[in-house]
Amino acid sequence: MAAYGGETHERIPAHVAIIMDGNGRWAKKRLLPRSAGHRAGVKRMVKLAEHAFDSGVKVLTLYALSVENLHRPQEELQGLFSLIREYFSGDTEKIAARGVALRVIGEIGLLPEDVARLIEEGIKKGGDGSGGTLVFAIAYGARQEIVRAVNRAVAAGKEVTEAQFCEFLDTAGLPDPDLLIRTGRERRLSNFLLFQSAYTEFYFSDKLFPDFSNRDLDAAFASYAARERRFGRIK
Ligand code: FPP
(Lines give C-alpha, C1' and ligand atoms only; values in the text may rest on other atoms or scores of the structure.)
Protein backbone atom coordinates (compact mmCIF):
# COMPACT_ATOMS: atom_id res chain seq x y z
CA MET A 1 0.00 0.00 0.00
CA ALA A 2 2.73 2.44 0.97
CA ALA A 3 4.86 2.21 -2.18
CA TYR A 4 3.05 5.03 -3.97
CA GLY A 5 1.94 6.76 -0.78
CA GLY A 6 -1.77 6.54 -1.57
CA GLU A 7 -3.92 6.89 1.53
CA THR A 8 -7.46 7.49 0.46
CA HIS A 9 -7.78 4.76 -2.18
CA GLU A 10 -6.06 1.72 -3.59
CA ARG A 11 -2.79 2.71 -5.25
CA ILE A 12 -3.61 0.86 -8.46
CA PRO A 13 -6.82 2.12 -10.05
CA ALA A 14 -9.40 -0.65 -10.40
CA HIS A 15 -10.82 0.74 -13.63
CA VAL A 16 -8.56 2.50 -16.12
CA ALA A 17 -9.87 4.04 -19.34
CA ILE A 18 -7.56 5.13 -22.16
CA ILE A 19 -8.10 7.50 -25.09
CA MET A 20 -5.48 6.16 -27.48
CA ASP A 21 -4.70 9.36 -29.40
CA GLY A 22 -1.82 10.25 -31.67
CA ASN A 23 -1.48 7.32 -34.06
CA GLY A 24 -1.87 9.54 -37.13
CA ARG A 25 0.77 12.05 -35.99
CA TRP A 26 3.12 9.20 -35.05
CA ALA A 27 2.89 7.91 -38.63
CA LYS A 28 3.19 11.39 -40.16
CA LYS A 29 6.43 12.05 -38.28
CA ARG A 30 7.85 8.93 -39.94
CA LEU A 31 6.42 9.75 -43.38
CA LEU A 32 4.26 6.64 -43.12
CA PRO A 33 0.57 6.26 -43.99
CA ARG A 34 -1.87 6.78 -41.09
CA SER A 35 -2.70 3.08 -41.20
CA ALA A 36 0.89 2.34 -40.08
CA GLY A 37 0.26 4.51 -37.03
CA HIS A 38 -2.90 2.59 -36.17
CA ARG A 39 -1.05 -0.73 -36.61
CA ALA A 40 1.68 0.48 -34.22
CA GLY A 41 -1.12 1.59 -31.90
CA VAL A 42 -2.65 -1.87 -31.79
CA LYS A 43 0.74 -3.40 -30.94
CA ARG A 44 1.15 -0.96 -28.06
CA MET A 45 -2.44 -1.51 -26.94
CA VAL A 46 -1.85 -5.27 -26.61
CA LYS A 47 1.26 -4.74 -24.46
CA LEU A 48 -0.36 -2.07 -22.30
CA ALA A 49 -3.38 -4.28 -21.64
CA GLU A 50 -1.14 -7.12 -20.44
CA HIS A 51 0.82 -4.74 -18.25
CA ALA A 52 -2.31 -3.17 -16.80
CA PHE A 53 -3.81 -6.52 -15.75
CA ASP A 54 -0.40 -7.69 -14.44
CA SER A 55 -0.34 -4.53 -12.30
CA GLY A 56 -3.69 -5.29 -10.70
CA VAL A 57 -6.13 -3.32 -12.88
CA LYS A 58 -9.52 -5.04 -12.89
CA VAL A 59 -11.23 -3.24 -15.77
CA LEU A 60 -9.49 -1.61 -18.73
CA THR A 61 -11.61 0.35 -21.20
CA LEU A 62 -10.01 1.34 -24.51
CA TYR A 63 -11.44 3.95 -26.88
CA ALA A 64 -10.84 2.17 -30.17
CA LEU A 65 -13.25 4.01 -32.46
CA SER A 66 -15.73 6.81 -31.83
CA VAL A 67 -19.00 7.30 -33.71
CA GLU A 68 -17.46 10.52 -35.01
CA ASN A 69 -14.41 8.58 -36.31
CA LEU A 70 -16.83 6.79 -38.65
CA HIS A 71 -16.82 9.99 -40.74
CA ARG A 72 -13.09 9.68 -41.49
CA PRO A 73 -12.05 8.98 -45.10
CA GLN A 74 -12.92 5.48 -46.33
CA GLU A 75 -9.26 4.57 -46.83
CA GLU A 76 -8.44 5.16 -43.16
CA LEU A 77 -11.64 3.48 -41.98
CA GLN A 78 -10.98 0.38 -44.06
CA GLY A 79 -7.50 0.17 -42.49
CA LEU A 80 -9.02 0.42 -39.00
CA PHE A 81 -11.66 -2.20 -39.82
CA SER A 82 -8.91 -4.56 -41.05
CA LEU A 83 -7.04 -4.13 -37.76
CA ILE A 84 -10.24 -4.80 -35.80
CA ARG A 85 -10.92 -7.89 -37.95
CA GLU A 86 -7.38 -9.20 -37.34
CA TYR A 87 -7.51 -8.54 -33.62
CA PHE A 88 -10.87 -10.15 -32.97
CA SER A 89 -10.10 -13.11 -35.26
CA GLY A 90 -7.32 -14.45 -33.05
CA ASP A 91 -5.20 -11.87 -31.24
CA THR A 92 -7.59 -11.96 -28.28
CA GLU A 93 -6.52 -15.53 -27.43
CA LYS A 94 -3.49 -14.53 -25.37
CA ILE A 95 -5.37 -12.16 -23.10
CA ALA A 96 -8.36 -14.53 -22.87
CA ALA A 97 -6.02 -17.32 -21.72
CA ARG A 98 -5.21 -15.12 -18.71
CA GLY A 99 -8.87 -15.18 -17.68
CA VAL A 100 -9.62 -11.70 -19.02
CA ALA A 101 -13.24 -11.31 -20.12
CA LEU A 102 -13.91 -9.22 -23.22
CA ARG A 103 -16.71 -6.78 -23.71
CA VAL A 104 -17.69 -4.08 -26.17
CA ILE A 105 -19.57 -0.79 -25.68
CA GLY A 106 -20.91 1.31 -28.53
CA GLU A 107 -23.06 0.72 -31.59
CA ILE A 108 -21.32 -2.06 -33.45
CA GLY A 109 -24.38 -2.26 -35.71
CA LEU A 110 -22.93 0.85 -37.41
CA LEU A 111 -19.92 -1.17 -38.57
CA PRO A 112 -19.72 -3.37 -41.68
CA GLU A 113 -21.63 -6.57 -40.92
CA ASP A 114 -18.61 -8.90 -41.00
CA VAL A 115 -16.65 -6.65 -38.63
CA ALA A 116 -19.55 -6.55 -36.16
CA ARG A 117 -19.90 -10.34 -36.38
CA LEU A 118 -16.17 -10.94 -35.79
CA ILE A 119 -16.27 -8.65 -32.75
CA GLU A 120 -19.27 -10.52 -31.31
CA GLU A 121 -17.61 -13.90 -31.91
CA GLY A 122 -14.29 -12.66 -30.50
CA ILE A 123 -16.00 -11.33 -27.37
CA LYS A 124 -17.59 -14.74 -26.75
CA LYS A 125 -14.11 -16.31 -26.78
CA GLY A 126 -12.98 -14.11 -23.90
CA GLY A 127 -11.93 -15.44 -20.49
CA ASP A 128 -14.14 -16.01 -17.45
CA GLY A 129 -13.31 -12.63 -15.89
CA SER A 130 -11.04 -14.01 -13.16
CA GLY A 131 -8.18 -12.00 -14.72
CA GLY A 132 -10.21 -8.81 -15.24
CA THR A 133 -12.35 -7.30 -17.99
CA LEU A 134 -11.13 -5.66 -21.16
CA VAL A 135 -13.72 -3.32 -22.64
CA PHE A 136 -13.48 -1.96 -26.17
CA ALA A 137 -15.38 1.20 -27.01
CA ILE A 138 -16.09 0.76 -30.72
CA ALA A 139 -18.44 3.01 -32.72
CA TYR A 140 -18.92 4.56 -29.28
CA GLY A 141 -20.19 8.00 -28.34
CA ALA A 142 -21.11 8.94 -24.78
CA ARG A 143 -23.92 11.34 -25.72
CA GLN A 144 -25.45 8.69 -27.96
CA GLU A 145 -25.07 6.12 -25.15
CA ILE A 146 -26.87 8.44 -22.70
CA VAL A 147 -29.72 9.03 -25.17
CA ARG A 148 -30.02 5.24 -25.72
CA ALA A 149 -30.19 4.77 -21.95
CA VAL A 150 -32.87 7.46 -21.57
CA ASN A 151 -34.94 5.78 -24.29
CA ARG A 152 -34.57 2.40 -22.57
CA ALA A 153 -35.73 3.94 -19.29
CA VAL A 154 -38.70 5.56 -21.06
CA ALA A 155 -39.56 2.23 -22.71
CA ALA A 156 -39.46 0.60 -19.27
CA GLY A 157 -42.18 3.11 -18.35
CA LYS A 158 -40.96 4.22 -14.93
CA GLU A 159 -38.86 6.89 -13.28
CA VAL A 160 -35.40 5.59 -12.51
CA THR A 161 -32.89 6.20 -9.75
CA GLU A 162 -29.27 7.00 -10.57
CA ALA A 163 -28.29 3.38 -9.92
CA GLN A 164 -31.09 2.07 -12.13
CA PHE A 165 -30.14 4.50 -14.89
CA CYS A 166 -26.58 3.12 -14.87
CA GLU A 167 -28.04 -0.28 -15.70
CA PHE A 168 -29.40 1.16 -18.97
CA LEU A 169 -25.95 2.41 -20.04
CA ASP A 170 -23.69 0.27 -22.25
CA THR A 171 -21.39 0.00 -19.23
CA ALA A 172 -24.06 -1.65 -17.04
CA GLY A 173 -22.45 -3.64 -14.24
CA LEU A 174 -19.01 -2.04 -14.63
CA PRO A 175 -17.55 0.28 -11.99
CA ASP A 176 -16.92 3.92 -12.98
CA PRO A 177 -13.39 4.60 -14.23
CA ASP A 178 -10.97 5.62 -11.47
CA LEU A 179 -8.33 6.89 -13.87
CA LEU A 180 -8.74 8.16 -17.42
CA ILE A 181 -5.60 8.55 -19.50
CA ARG A 182 -5.40 10.48 -22.77
CA THR A 183 -2.25 10.34 -24.84
CA GLY A 184 -1.35 12.56 -27.78
CA ARG A 185 -1.20 16.03 -26.17
CA GLU A 186 -4.89 16.92 -26.42
CA ARG A 187 -6.77 17.72 -23.22
CA ARG A 188 -10.37 16.81 -23.94
CA LEU A 189 -12.82 13.95 -23.42
CA SER A 190 -14.03 13.64 -27.02
CA ASN A 191 -17.41 12.12 -26.16
CA PHE A 192 -15.92 9.32 -24.02
CA LEU A 193 -17.65 8.03 -20.85
CA LEU A 194 -19.20 11.42 -20.04
CA PHE A 195 -21.67 10.06 -17.48
CA GLN A 196 -19.29 7.56 -15.89
CA SER A 197 -16.36 9.97 -15.43
CA ALA A 198 -18.07 12.34 -12.96
CA TYR A 199 -15.38 11.63 -10.33
CA THR A 200 -12.66 10.10 -12.46
CA GLU A 201 -9.07 11.29 -12.12
CA PHE A 202 -7.56 12.51 -15.42
CA TYR A 203 -4.04 11.98 -16.67
CA PHE A 204 -2.83 13.59 -19.89
CA SER A 205 0.34 12.48 -21.62
CA ASP A 206 2.14 14.34 -24.40
CA LYS A 207 3.35 11.03 -25.81
CA LEU A 208 1.73 9.86 -29.03
CA PHE A 209 -0.07 6.59 -28.35
CA PRO A 210 2.39 4.20 -30.11
CA ASP A 211 5.15 5.74 -27.93
CA PHE A 212 3.20 5.42 -24.63
CA SER A 213 5.23 2.69 -22.92
CA ASN A 214 4.48 0.38 -20.02
CA ARG A 215 6.68 2.68 -17.91
CA ASP A 216 4.52 5.63 -18.94
CA LEU A 217 1.52 3.66 -17.68
CA ASP A 218 3.36 3.13 -14.39
CA ALA A 219 3.92 6.90 -14.21
CA ALA A 220 0.17 7.44 -14.66
CA PHE A 221 -0.50 4.96 -11.83
CA ALA A 222 2.01 6.80 -9.62
CA SER A 223 0.31 10.12 -10.35
CA TYR A 224 -3.06 8.58 -9.51
CA ALA A 225 -1.72 7.11 -6.26
CA ALA A 226 -0.49 10.51 -5.10
CA ARG A 227 -3.91 12.13 -5.44
CA GLU A 228 -6.51 12.47 -2.76
CA ARG A 229 -9.97 11.57 -3.99
CA ARG A 230 -12.71 13.29 -2.03
CA PHE A 231 -15.75 12.76 -4.26
CA GLY A 232 -16.95 16.26 -3.38
CA ARG A 233 -16.69 15.69 0.36
CA ILE A 234 -14.14 16.91 2.86
CA LYS A 235 -11.64 14.71 4.60
C1 FPP B 1 -6.66 8.23 -32.53
O2 FPP B 1 -5.49 8.60 -33.21
C3 FPP B 1 -6.83 6.80 -32.66
C4 FPP B 1 -7.87 6.23 -33.31
C5 FPP B 1 -8.93 6.98 -33.99
C6 FPP B 1 -7.95 4.78 -33.39
C7 FPP B 1 -7.35 4.06 -32.22
C8 FPP B 1 -7.42 2.67 -32.50
C9 FPP B 1 -6.50 1.74 -32.20
C10 FPP B 1 -5.25 1.98 -31.48
C11 FPP B 1 -6.74 0.36 -32.65
C12 FPP B 1 -8.05 -0.20 -32.28
C13 FPP B 1 -8.06 -1.52 -32.75
C14 FPP B 1 -8.56 -2.60 -32.16
C15 FPP B 1 -8.05 -3.87 -32.61
C16 FPP B 1 -9.60 -2.63 -31.13
P17 FPP B 1 -5.61 9.64 -34.40
O18 FPP B 1 -5.75 8.87 -35.66
O19 FPP B 1 -6.73 10.59 -34.16
O20 FPP B 1 -4.24 10.33 -34.30
P21 FPP B 1 -3.92 11.84 -34.66
O22 FPP B 1 -4.67 12.71 -33.67
O23 FPP B 1 -2.44 11.92 -34.46
O24 FPP B 1 -4.33 12.07 -36.09
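Structure: above.
Rules used throughout
- Residues numbered from 1 in each chain as written.
- Predicted model: local features only at pLDDT ≥ 70, side-chain atom pairs only at ≥ 80, totals over all residues.
- Heavy atoms only, no water.
- Helix = DSSP H or I, 4+ residues; strand = E, 2+ residues; numbered from the N terminus.
- Rg over C-alpha atoms; globule rule 2.2 N^0.38 Å.
- Buried < 20%, exposed > 50% of the residue type's maximum accessible area, 1.4 Å probe, protein only.
- Contact = heavy atoms within 4.5 Å.
- Near = heavy atom within 4 Å.
- Polar contact = N/O pair within 3.5 Å; in protein donor to acceptor, adjacent residues only side chain to side chain.
- Areas by Shrake-Rupley, 256 points an atom, 1.4 Å probe, with all protein chains shown as cover.
- Expected span 1.5 Å × (residues − 1).
- Salt bridge = Lys/Arg side-chain N within 4 Å of Asp/Glu carboxyl O.
- Phe/Tyr/Trp six-rings, centres within 6.5 Å; stacked < 30°, edge-to-face > 60°.
- Core = buried A, V, L, I, M, F, W, Y, C linked by side-chain atoms within 4.5 Å.

### A few points about the overall build of the protein
Looking only at helices and strands, the protein has 8 helices and 6 strands in total. The linear arrangement of helices and strands in the protein, starting from the amino end, is β-α-α-β-α-α-β-α-β-α-α-β-β-α. Its C-alpha atoms give the protein a radius of gyration of 18 Å, within 12% of the compact-globule value 18 Å for 235 residues. Principal axes of the C-alpha set define a box for the protein whose edges measure 50 × 50 × 35 Å. A total of 235 residues make up the protein; the buried ones form 48% of that total. Looking at the protein alone, contacts between residues at least 24 apart form 76% of all its contacts between residues at least 6 apart.

### A few points about the site of the ligand
D21, G24, R25, R34 and R72 are the nearest of the 19 residues found near the ligand. Within the backbone of N23, a nitrogen or oxygen atom sits 3.3 Å from an oxygen atom of the ligand. At a separation of 2.8 Å, an oxygen atom of the ligand approaches a polar side-chain atom of R34. For the ligand, whose unbound accessible area comes to 620 Å², protein coverage reaches 92%. Among the secondary structure elements, those contributing two or more residues to the shell around the ligand are α1 (23-29), α2 (34-55) and α3 (74-91). For the shell around the ligand, the element with the highest residue contribution is α2, accounting for 5 residues.

### A short note on α2
Here α2 is 22 residues long and its end C-alpha atoms lie 31 Å apart, about the 32 Å a rise of 1.5 Å per residue gives. Immediately downstream of α2, the backbone of G56 shows phi near 110°, a positive value.

### Considerations on the pattern of salt bridges
Any two side chains of opposite charge can pair, so long as their charged atoms come close to each other. By the definition in use, this model includes 19 salt bridges. The shortest N-O distance in the salt bridge between R187 and D206 comes to 3.2 Å. You can see R187 sitting in the loop between β5 (179-182) and β6 (201-204) and its partner D206 sitting in the loop between β6 and α8 (214-225), a full 19 residues away along the chain.

### A short note on the packing of aromatic side chains
This structure, assessed with the given rule, holds 9 aromatic pairs. Both rings, one in Y87 and one in F136, keep their centres 5.4 Å apart while their planes meet at 65°; by these two values the pair is edge-to-face. Of this pair, Y87 sits in helix α3 while F136 sits in strand β4 (residues 132-140), placing them 49 residues apart in sequence. With a centroid separation of 6.0 Å and an interplanar angle of 90°, the aromatic rings of Y140 and F192 are classed as edge-to-face. In this pair, Y140 is assigned in strand β4 and F192 in the loop between β5 and β6, connecting sequence segments 52 residues apart. Relative accessible area serves as the criterion here: at 0%, Y140 is assigned to the buried category.

### Quick look at the environment of F53
Counting through the fold element by element, F53 comes out in helix α2. Spatially, the C-alpha atoms of F53 and I95 are 9.4 Å apart, while their sequence positions differ by 42 residues. In contact with F53, other than residues within four places in its own chain, are K58, V59, L60, I95, V100, G131, G132, T133 and L134.

### Here's the deal with the side chain of H51
Mapped onto the elements, H51 comes out in helix α2. Beyond its immediate chain neighbours, meaning those up to four positions away, H51 contacts N214, L217 and D218.

### Comments concerning the nonpolar core
Core analysis: the biggest nonpolar cluster contains 44 residues, and L60, L111, I119, L134, F136, I138 and I181 have the highest contact counts within it. In contact with L60, not counting residues within four places along its chain, are V16, I18, A49, A52, F53, T133, L134 and V135. Y63, V135, A142 and L180 belong to the second-largest nonpolar core, a separate cluster that totals 13 residues.

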